[in-house]
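Structure at a glance
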Amino acid sequence: MLDLHCHILPGIDDGAKNTDVSLELLEEEKKQGVKAITFTPHFHVNRISLDDFVRAREHSYNKLMSVPEVNDLGIKFKLGAEIYFSTKLNDLDLDELCFTDTNYLLIEFPTDERPYGLTHTLIDIINRGYQPVLAHVERYPYFTSDPTKLYDLIEKGCIAQINSGAVLENNKIAIKYIKWGMAQLISSDCHNMKRRVPNLKDAYRFIEKKFGDEYADWFDKNARDVFNGRYVDMTMPKRPKKVMGMWF
Ligand SMILES: [Fe+2]
């Protein structure tokens, strides 16, 4: 398995606060069977300049790599970011925020109101040659109340990621997204060992049980394709339909 969304880099965001916590998280990732990880610390264009963020991420990464036990884990690492959505993203060179050597960008959104310019900004990002991965799509009320809005973005070239924690909680909409083929990636979004922990193996087992091995294999293949910068072979999702007030 591969984990493409996590907050393991030390001292850079609300994730691991030091290298001890980072190492604990990485050891748990290894126990879970994770072989490759993309580090995705939060990036907020209104709070930090791109240059300062890239410098801080480099510093944090070097600090982590200086811990000998980290190198002994045999896990492959890449850098990335969890980018907070803003229309200002169109004024930025996003290359440094992509998962290393790929054109994949992990983007998160506000969890209250649908932000102004969401669709147009994502389309502009796609037209510039990037591939947006939409972080934890089970969290946004403007998608969950009308999943066709998310379907339309997937059709335009976005990839939808759900959190392993939501799967394990049997989150209704996360389960429906899986059923509809509307989530292509599962990641841990782990922050520390108490809250949002590394639990990918548990989520994959849950999916195997509920949906069958082929679903779990499909998620794993998608994660490998994204990590390696290949196109994800999208099984076209089913467009949800509303019947008697319920989405099917
Ligand atoms: Fe995150």
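Refer to the structure above for everything that follows.
Residues numbered from 1 in each chain as written. Predicted model: local features only at pLDDT ≥ 70, side-chain atom pairs only at ≥ 80, totals over all residues. Heavy atoms only, no water.

Any two of four tetrahedral donors ideally make an angle of 109.5 degrees at the metal, while pairs among six octahedral donors ideally make 90 or 180 degrees. Protein coordination at the iron ion comes from H5 (NE2), H7 (NE2), E82 (OE) and D189 (OD), with a distance range of 2.1 to 2.2 Å. The coordination sphere of the iron ion comprises four donor atoms, whose angles at the metal cover 82 to 167°; the geometry is irregular. For the iron ion, the single-chain donor residues occur in sequence as H-x1-H-x74-E-x106-D. Both residues of the pair, H5 and H7, count as buried. (Donors = N, O, S within 2.8 Å, 3.2 Å for Na, K, Ca; no water. Tetrahedral: all angles 85-135°; square planar, octahedral: opposite > 155°, others 65-115°. Buried < 20%, exposed > 50% of the residue type's maximum accessible area, 1.4 Å probe, protein only.)

Inspection of helix α6 (residues 148-155) places T148, L150, Y151, L153 and I154 among the buried residues, and these make up the whole buried set. Taken together, the buried residues of α6 touch α4 (118-127), β7 (131-134), α5 (141-144), β8 (159-163), α8 (172-179) and β11 (246-247). G157 lies just past α6 and shows a positive phi near 120°. (Helix = DSSP H or I, 4+ residues; strand = E, 2+ residues; numbered from the N terminus. Contact = heavy atoms within 4.5 Å.)

Between helix α9 (residues 200-211) and helix α10 (residues 213-227), whose axes approach to 6 Å, the crossing angle comes to 140°. When the axes of α9 and α10 are compared, the pair comes out oblique. In this structure, α9 uses Y204, I207, E208 and F211 to contact α10, whose residues at the interface are D213, E214, Y215, A216, F219 and D220. (Axes fitted to C-alpha atoms, helices over the stretch in contact; angles between N-to-C directions. Parallel < 35°, antiparallel > 145°, perpendicular 65-115°, else oblique.)

Let us now look at the pairing of β8. Along β8, five of the five residues are buried, which leaves the element largely enclosed by surrounding structure. Taking every second residue as pointing to the same face, both faces of β8 are buried, with I159, Q161 and N163 on one and A160 and I162 on the other. By the bridge criterion, two bridges tie β7 to β8 in an arrangement that is parallel. Looking across to β8, one finds that L134 is bridged to A160. In the sheet, β8 pairs with strand β9 (residues 185-187) via three bridges, with the strands oriented parallel. (Pairing = 2+ DSSP bridges.)

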